[in-house]
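Now for the letters of each chain:
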Amino acid sequence: MSMINYASKEINCKIVYYGPGLGGKTTNLEVVYGKVTPDTRGKLISLATETERTLFFDFLPVDLGQIRGFKTRFHLYTVPGQVYYNASRKLILKGVDGIVFVGDSQVERMEANQEAMQNLYDNMAEYGYDLTKMPFVIQYNKRDLPNAAPIKELQASMNPGWEVTEPEKQKVTPDPNHPGENLIEQLPTGEWIERAPYFEAVAVTGEGVFETLRGISKAVLKALS
Amino acid sequence: MAAGAASWSFTEDDYSAITDSLQRFLGESNARCALLVDRAGQLVATVGEPPNFDPTAFATLTAADFSANDQLAKLIGENDFNSLFHQGEKESMYLADIARRVILVVLFDNRTTLGLVRLKMKTTVEELNHLFTAVFERARDARHSQTGLLAGAEDEIDKMFQ
């Protein structure tokens, strides 16, 4: 639920990092916190357990620049990765403007990724939000690990695409981040599908973190325009 | 199904109406400061003594606190708790729901009493309910007419992220 404050000239948006446990959601926020200049970000709040698992959420506000004289302020949240915290996961999605799904590239985590993705769809639907119609990007994290699955497999499992039924949207749309790939295309069966934009990352080293953040923030602002 | 969360905005006139109402309340109740936070955790307004803590973090935690308590209410068979009270040794806070979309947080110390704060808050909550209902109705109408602040700003957005 983006909020435009004409009195203080601010646009406030909420972005949630979602995904399986130990996938790197909190690391994404820590990297953003560590790399942006202190005057453009607020405090990083973590509600975590003693073993550093996120209990409720992590939170970081960042300013990403001005547009039409308005400061654009993004509130970044992570959700707990562990399924037994689903009640609090759902609460964080309230009023969300954009979603980053942080997937774990390791072959062994495929099932956990799919479970988390299904859980995201379910929780969004409970609020009456349609994930396929709002700003949504996927980050494939841990690309540096030897047991990382190929992107093609990850895409097939987490981002197979959803059907595009509106005739005006049924046109081939190239993926600006991956030459030769399309975000919207027609399958050999004749069906039109759209996939979420994806980014490869090694969050612990910071690689891909800002590309992901830029991707989702841009999509959120464009949804407002 | 709606695509996602709706956006809402308020003008300078709304802002002064909101702060006038809160100023009056602070004067009558002797509370220190009042903050308005939306349910998604964004700070809407602060009136009274400037808080000596990070207001953005405070707003986020307030919304989380309220949401968690909403769920607790449901578990015990209530629809919601429309107000919450947290008592400290010196500082206390009282939170109340406004139009199901915004939370009013009042910080007070031993210069006043919970009874007085609660009593005076009743009128303020009614006033704010009225004000915010109008703001949200306008947001709903505006969505139909499609005249957003960022309409046609696609190039500017692209430039911002270059």
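Residues numbered from 1 in each chain as written. Chains lettered and ligands numbered in written order. Predicted model: local features only at pLDDT ≥ 70, side-chain atom pairs only at ≥ 80, totals over all residues.

Thoughts on the overall build of chain B
We count it as follows: Put simply, DSSP H or I for four residues or longer makes a helix, DSSP E for two residues or longer makes a strand, and each gets a number counted from the N terminus. Exposure classes come from backbone-placed C-beta atoms, where a residue is buried if 20 or more other C-beta atoms lie within 10 Å of its own, exposed if 12 or fewer do, and partly exposed in between.
Scanning chain B from N- to C-terminus turns up four helices and six strands. Sequence-ordered secondary structure for chain B, helices as α and strands as β, is β-α-β-β-α-β-β-β-α-α. In terms of its C-alpha atoms, chain B occupies a principal-axis envelope of roughly 55 × 35 × 30 Å. Within the span of chain B, comprising 162 residues, buried residues form 33% of the whole.

Here we look at the pairing of strand β4 (residues 54-67) of chain A
All names here are of chain A. Put simply, the rule reads: When DSSP finds at least two bridges between two strands, those strands are taken to pair.
Where strand β3 (residues 45-48) and β4 come together, three bridges link them in antiparallel fashion. Bridging across to β4, S46 finds its partner in D58. Counting the residues in the hairpin turn of β3 and β4 gives five residues, including E52, whose phi is positive at 65 degrees. As defined by bridge partners, β4 adjoins strand β5 (residues 70-78) across eight bridges and the pair is classed as antiparallel. In the strand pairing of β5, I67 is matched with F70. The loop that links β4 with its antiparallel partner β5 comprises two residues; one of these, R68, has a positive phi angle of about 50 degrees.

Quick word on the domain arrangement of chain A
Residue and element names in this part refer to chain A. Put simply, the test is: As used throughout, domain bounds are those supplied by an automatic or database domain assignment. We call two residues in contact when the distance between their C-beta atoms, placed using the backbone, is within 7 Å. Side-chain classes follow a simple rule in which Ala, Val, Leu, Ile, Met, Phe, Trp, Tyr, Cys and Pro form the nonpolar group, Asp, Glu, Lys and Arg form the charged group, and the remainder, Gly included, forms the polar group.
Assigned domains within chain A: domain 1 (3-159 + 196-224) and domain 2 (162-195). For domain 1 and domain 2, the distance between their C-alpha centres works out to 24 Å. At the interface, five residues of domain 1 touch five residues of domain 2. Across the side of domain 1 that touches domain 2, the residue classes break down as three nonpolar, two polar and no charged.

A look at the nonpolar core
Defined as follows: We call a set of buried Ala, Val, Leu, Ile, Met, Phe, Trp, Tyr and Cys residues a nonpolar core when their C-beta atoms link them within 7 Å.
Core analysis: the largest hydrophobic core is formed by 91 residues, its most contacted members being V16 of chain A together with V37, L104, V105 and V106 of chain B. Residue contacts for V37 of chain B: discarding those within four places in its chain leaves Q42, L43, V44, A59, T62, A63, V102, I103 and V105 of chain B.

Examining the interface of chain A and chain B
Opposite the 38 residues of chain A that make contact, chain B presents 37 residues. The set of elements that each furnish at least two residues to the side of chain A that touches chain B consists of β1 (3-5), β2 (10-18), β4, β5, α2 (86-92) and α5 (209-224) of chain A. Residue contributions to the side of chain A that touches chain B peak at six residues, all from β4 of chain A. Split into classes, the residues belonging to the side of chain A that touches chain B amount to 19 nonpolar, nine polar and 10 charged. As paired elements, β1 of chain A and strand β1 (residues 8-10) of chain B share three bridges and run parallel to each other. When the sheet's bridge partners are listed, M3 of chain A is paired in β1 of chain B with W8 of chain B.

A short note on the environment of A40 of chain B
For A40 of chain B, the location among the structural elements is in the loop between β2 (33-38) and β3 (43-48). If we skip the residues at most four places from it in the chain, A40 of chain B touches M1, K14, K94 and G95 of chain A together with A63 of chain B.

Considering the sheet that holds strand β9 (residues 173-174) of chain A
Residues and elements named next belong to chain A. Taking strand neighbours across the sheet as the criterion, the four strands line up as β8-β11-β10-β9 in an open arrangement whose pairing is antiparallel. The open sheet terminates on both sides in strands that have one partner only, identified here as β8 (162-163) and β9. Examined bridge by bridge, β9 and strand β10 (residues 182-186) share two bridges and lie antiparallel to one another. Bridge pairing in β10 places T173 opposite I184.

Some thoughts on the environment of T19 of chain B
Residues and elements named next belong to chain B. On the secondary structure map, T19 appears in helix α1 (residues 12-29). Separated by 97 residues in the primary sequence, T19 and L116 place their C-alpha atoms 20 Å from one another. Leaving out residues up to four positions away in the same chain, T19 has contacts with A45 and V47.

Section: α1 of chain B
One turn of the α-helix equals 3.6 residues, which is why residues spaced by three or four share an orientation. Residues and elements named next belong to chain B. Note the cut-off: An expected span of 1.5 Å times one less than the residue number is assigned to each helix. When we speak of the arc, we mean the arc of directions from the helix axis to the C-beta atoms.
Helix length check: α1, at 18 residues, gives a terminal C-alpha distance of 25 Å against a target of 26 Å (1.5 Å per residue), a fit within 8%. Taken as a whole, α1 has its buried residues at D14, I18, S21, L22, F25, L26 and S29. Looking straight down α1, one finds its buried side chains confined to an arc of 135 degrees; they lie on one side. Those residues of α1 that are exposed and angled more than 90 degrees off the buried face are E12, D13, S16, D20 and G27. Following α1 by one or two positions, N30 adopts a phi angle in the positive range, close to 65 degrees.

Here we look at the environment of F136 of chain A
All names here are of chain A. Topologically, F136 is positioned in strand β7 (residues 136-141). Residue classification places F136 among the buried residues on the basis of 20 C-beta atoms within 10 Å. With 59 residues separating them along the chain, F136 and R195 place their C-alpha atoms 9.6 Å apart. The contacts of F136, once residues within four sequence positions are left out, are G98, I99, L131 and A196.

Some words on the sheet that holds strand β5 (residues 92-98) of chain B
Residue and element names in this part refer to chain B. In plain terms, the rule: Note on method: axes are straight lines fitted to C-alpha atoms, helices fitted across the in-contact stretch only, with angles between N-to-C directions ranging 0 to 180 degrees.
Read across the sheet, five strands follow the order β3-β2-β6-β5-β4 without closing on themselves; strand pairing throughout is antiparallel. Across the chains shown, the open sheet's two edge strands, defined by having one partner strand only, are β3 and β4 (83-87). Adjacent strand axes in the sheet meet at a mean angle of 15 degrees, parallel and antiparallel pairs treated alike. Across five bridges, the pairing between β4 and β5 is antiparallel. Across the sheet, S83 pairs through a bridge with A96, a residue of β5. Here α1 sits on the sheet and contacts β2 and β3; the angle it forms with β3, its principal contact strand, is near 40 degrees.

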